[in-house]
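Next come the chains, spelled out residue by residue.
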Amino acid sequence: MVFLYDHMDLWSCCQWEAIREMVVRGAPAIAIAAALSLAVEVSKLEGFSGTPKDAASFLEKKLEYLVSSRPTAVNLSDAASKLTEIVKNHAATATDANQVFLVIAYIEAAEIMLKDDVADNKAIGSYGSSVIQTQKKDCKKLSVLTHCNTGSLATAGYGTALGVIRALHADGVLERAYCTETRPFNQGSRLTAYELVHEKIPATLIADSAAAALMKTGRVHAVIVGADRVAANGDTANKIGTYSLALSAKHHGVLFYVAAPLTSVDLSLSSGDEIVIEERSAKELLNTRGGLGEQIAASGISVWNPAFDVTPANLISGIITEKGVITKTGNEEFDIKGFVHKTMSNN
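Conventions we followed
Residues numbered from 1 in each chain as written. Predicted model: local features only at pLDDT ≥ 70, side-chain atom pairs only at ≥ 80, totals over all residues. Heavy atoms only, no water. Phe/Tyr/Trp six-rings, centres within 6.5 Å; stacked < 30°, edge-to-face > 60°. Lys NZ or Arg CZ within 6 Å of the ring centre and 35° of its normal. Pairing = 2+ DSSP bridges. Helix = DSSP H or I, 4+ residues; strand = E, 2+ residues; numbered from the N terminus. 1 Å grid on protein atoms, 1.4 Å probe; cavity = no way out; pocket = protein on both sides within 12 Å on 5 of 7 lines; lining within 4 Å. Points joined across faces, edges and corners; volume = space filled by probe spheres on them. Nonpolar A, V, L, I, M, F, W, Y, C, P; charged D, E, K, R; others polar. Buried < 20%, exposed > 50% of the residue type's maximum accessible area, 1.4 Å probe, protein only. Polar contact = N/O pair within 3.5 Å; in protein donor to acceptor, adjacent residues only side chain to side chain. Core = buried A, V, L, I, M, F, W, Y, C linked by side-chain atoms within 4.5 Å. Contact = heavy atoms within 4.5 Å. Axes fitted to C-alpha atoms, helices over the stretch in contact; angles between N-to-C directions. pLDDT = per-residue confidence, 0-100.

Structural notes on the packing of aromatic side chains
Enumeration over the complete set of coordinates arrives at zero aromatic pairs. A cation sits over an aromatic face here: Arg190 above Phe185, 4.8 Å from the ring centre. Lys239 extends its terminal NZ or CZ atom over the ring of Phe308, reaching a point 4.7 Å from the ring centre.

Observations concerning the sheet that holds strand β6 (residues 236–239)
The strands that make up a sheet pair up through hydrogen bonds in the backbone, lying either parallel or antiparallel. Overall, mixed pairing links the four strands, which are arranged β8-β5-β6-β9 in an open sheet. Two strands lie at the open edges of the sheet, namely β8 (265–266) and β9 (308–311), each paired on one side alone. Inspection of the sheet shows strand β5 (residues 229–231) paired to β6 by two bridges, in the antiparallel sense. For Arg229, the partnering residue across the bridge sits in β6 and is Ala237.

Considerations on empty space enclosed by the protein
Over the atoms a probe the size of a water molecule is rolled, and this reveals where empty space is left. Enumeration according to the criterion identifies three cavities of 30 Å³ or more in this entry. Taken as a whole, the second largest cavity encloses approximately 60 Å³ of empty space. Lining the second largest cavity are 13 residues, with Pro184, Lys239, Arg280, Glu284 and Ala307 sitting closest to its centre. Along the lines of polarity and charge, the residues of the lining of the second largest cavity split into six nonpolar, three polar and four charged.

Side note on the side chain of Glu284
Looking at where Glu284 falls in the secondary structure, it is placed in helix α11 (residues 283–286). For Glu284, a relative accessible area of 7% gives the class buried. At 3.0 Å, the side chain of Glu284 forms a polar contact with the side chain of Arg280.

A look at the nonpolar core
In this structure, Leu145, Val223 and Phe256 are the most contacted members of the largest nonpolar core, which totals 29 residues. Looking at this core, the elements with two or more residues in it are α9 (211–216), β4 (222–225), α10 (242–252), β7 (255–259) and α12 (336–346). Setting aside anything within four residues of it in sequence, one finds Val223 in contact with Leu145, Met215, Ala249, Val254, Leu255, Phe256 and Tyr257. With 23 residues, the next largest nonpolar core counts Val131, Val164, Ala177 and Ala259 among its residues.

Some words on the sheet that holds strand β3 (residues 203–206)
Reading across from one edge, β3-β2-β1-β4-β7-β10-β11 is the order of the seven strands in this open sheet, with mixed pairing throughout. The outermost strands of the open sheet, each flanked by one partner alone, are β3 and β11 (324–326). The average undirected angle you get between the axes of adjacent strands in this sheet is 25°. Bridge count between strand β10 (residues 318–321) and β11: three bridges; the pairing is antiparallel. Paired with Ile320 across the two strands is Val325, which belongs to β11. Where helix α8 (residues 187–198) meets the sheet, its contacts fall on β1 (142–146), β2 (174–180) and β3, and the angle it forms with β2 comes to roughly 160°. Lying on the sheet, α10 is in contact with β1, β4 and β7; it crosses β7 at an angle near 145°.

Examining the confidence of the model for the chain
Scored by pLDDT, the chain has a mean of 86; 86% of the residues are at 70 or more. Counting contacts from residues 1–13, a segment whose pLDDT is below 50, to residues more than four positions away or on other chains yields 22 contacts.

Details of unusual backbone geometry
Residue Pro184 is reached from Arg183 by a cis peptide bond, and omega for that bond is 5°. The phi angle at Arg289 is positive, at roughly 55°, despite the residue not being glycine. For Arg289, the location among the structural elements is in the loop between α11 and β9. One non-glycine residue, Glu332, adopts positive backbone phi at about 65°. Given the relative accessible area of 59%, Glu332 is considered exposed.

In structure tokens:
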């Protein structure tokens, strides 16, 4: 198989399908792609005969439609909320609908999201490398395990959990990165393995079911994963299989870190029980190549294929963000709300 970087021209009309079918994937990436695709669409829109209020309503519905493509990823709804607010504020003073569609503030906001994501990822990488080295200060070289894809192909660039691995490698302390296949869609074998090889980072691909056995050998010092949504108590929704890795890490005394920007935190949810978990097509399990190839499972078999699972906060060592690492308080609980509020007051 030959791997190539390529680009796509996407407007919101086809961006929904691109996000839903994971042509564009990764919580930060889908938020940015959705925002930019709609910015392109509205800049080319002609023949709209409504009022400025109608134009704002039109854009709000477009954003709501895009959010429905991947309901578990909070980054997408967060971006949509920010952009909706910009559009509504502009519509309040606009005299013509086209002024709303061509609002420079919307386009600038979408572009700022792109730039900020790269900067945030690099900060996450730096904080993550530092905390892991501090926690494992007796180890001259460190090996880490990651799940799914959290690199440049899932973000605007650099990556979250994979960004931490990049930073460890840049600091000269990474012995090896292990990546899981991440069935059934194989984001690990198709994407993470590619990024690690491309960046010349020493890496080994393992089957999802081999992770516990690998930890038992003592060759894994830390597990680092991304997040699609983090509840106020620290419960974290991430790619299916993350919960299993956290249980194995706990059993084997391996550090387990979540790496995600603060836009992945949803303080409106008290716990992971409130996170909506989407289900994927049965074909991803019935057919080879994550549903793209020939059918190998028996016709008529029922399928349960959740896209994500929720890892309880008690299994998580810390949450690495662009503003620092959220650690547990004396009662072994995360005070994420306090961390966020402190961060906002310092800005």
